[in-house]
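Here is what each chain is made of, one letter per residue.
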Amino acid sequence: MDKTVHLIKLSVGTENVEGLAAWQATKRAQAPDGLPRHVTRMWPRREAEVLNGGSIYWVIKGVIQCRQQIDRLDEYVGSDGIRRCSIVLQPDLIRTQNSIRRPFQGWRYLPAADAPPDLPKGRGDEEPLPVELNRALAEIGVL
């Protein structure tokens, strides 16, 4: 049986989860069928594992704050004629426990065992902890 692997990606320029949702609601950020997508240069070599229940975990302001289930990978050819990968996502942004991440470029694989858990039902609408407090709690091992 195939394993599941997730992707992790910085949401550059996004201030919060609501800002990510607003960006994904724009036509530019959607696949032809209206689902949100993220276009990237590299095609995941571990495609089968990503499509076996994988999600993309979004890092916003240095903290993983939410995830989206990956629906499929589509080929996308831009106006420059270069072939790219369109990561098509389910529209629901699922809040996760915050997990601090250092900056990186592109996307990375995230093993399922290292993915932060989803917030329990009813906690998704809570205000996130301030970044400084979140970092301090992570440094002492609470988060």
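A short tour of the structure in this document, coming up. Quick caveat, the model's predicted, so the values are computed rather than measured.

Here we come to the nonpolar core. Of all hydrophobic cores here, the largest spans 15 residues; its most connected members are L7, I56, W58, C66, I70, I87 and L89. Every residue in contact with I70, bar those within four places of it in the chain, is listed here: L7, V50, L51, G54, S55, I56, I87, V88 and L89. With 8 residues, the next largest nonpolar core counts L10, I64, F104 and A115 among its residues.

Our next topic: the pairing of strand β3 (residues 55-60). A large share of β3 lies buried, amounting to 6 of its 6 residues. Of the two faces of β3, the one holding S55, Y57 and V59 and the one holding I56, W58 and I60 are both buried throughout. Direction of pairing for strand β1 (residues 5-10) relative to β3: parallel, over a ladder of 4 bridges. Residue pairing in the sheet places L7 in a bridge with I56 of β3.

Let us look at the pairing of strand β4 (residues 63-77). Pairing of β3 with β4, which is carried by 6 bridges, proceeds in the antiparallel orientation. Across the sheet, the residue bridging to S55 is Q69, located in β4. Hairpin connection, β3 to β4: the antiparallel pair is bridged by 2 residues, and K61 has positive phi, about 55 degrees. Note: β4 against strand β6 (residues 94-100), 4 bridges, orientation antiparallel. Bridging across to β6, V63 finds its partner in I100. One ladder, built from 7 bridges, connects β4 with strand β5 (residues 83-89); its direction is antiparallel. The partner of I70 across the bridge, within β5, is L89. In textbook terms, the turn of a hairpin is the stretch between consecutive antiparallel strands, and for β4 and β5 this stretch comprises 5 residues, one of which, G81, has a positive phi near 80 degrees.

Conventions used here
- Along every chain, residues carry numbers that run from 1 in the direction the sequence is written.
- For this predicted model, a pLDDT threshold of at least 70 governs which residues receive local features, and a threshold of 80 or more governs which side-chain atom pairs are given and counted, while totals over whole chains, interfaces and linings are taken from all residues.
- Only hydrogens and water are set aside; all other atoms, that is, all heavy atoms of the structure, feed into the side-chain values.
- Put simply, buried Ala, Val, Leu, Ile, Met, Phe, Trp, Tyr and Cys residues joined by side-chain atoms within 4.5 Å make one nonpolar core.
- Partly exposed residues are those whose accessible area sits between 20% and 50% of the maximum for their type, while under 20% is buried and over 50% is exposed, using a 1.4 Å probe and protein chains only.
- Contacts: residue pairs with any heavy atoms within 4.5 Å of one another.
- Numbering of helices and strands starts at the N terminus; helices are DSSP runs of H or I of at least 4 residues and strands are runs of E of at least 2.
- Pairs of strands are assigned from DSSP output, requiring at least two bridges between the strands.

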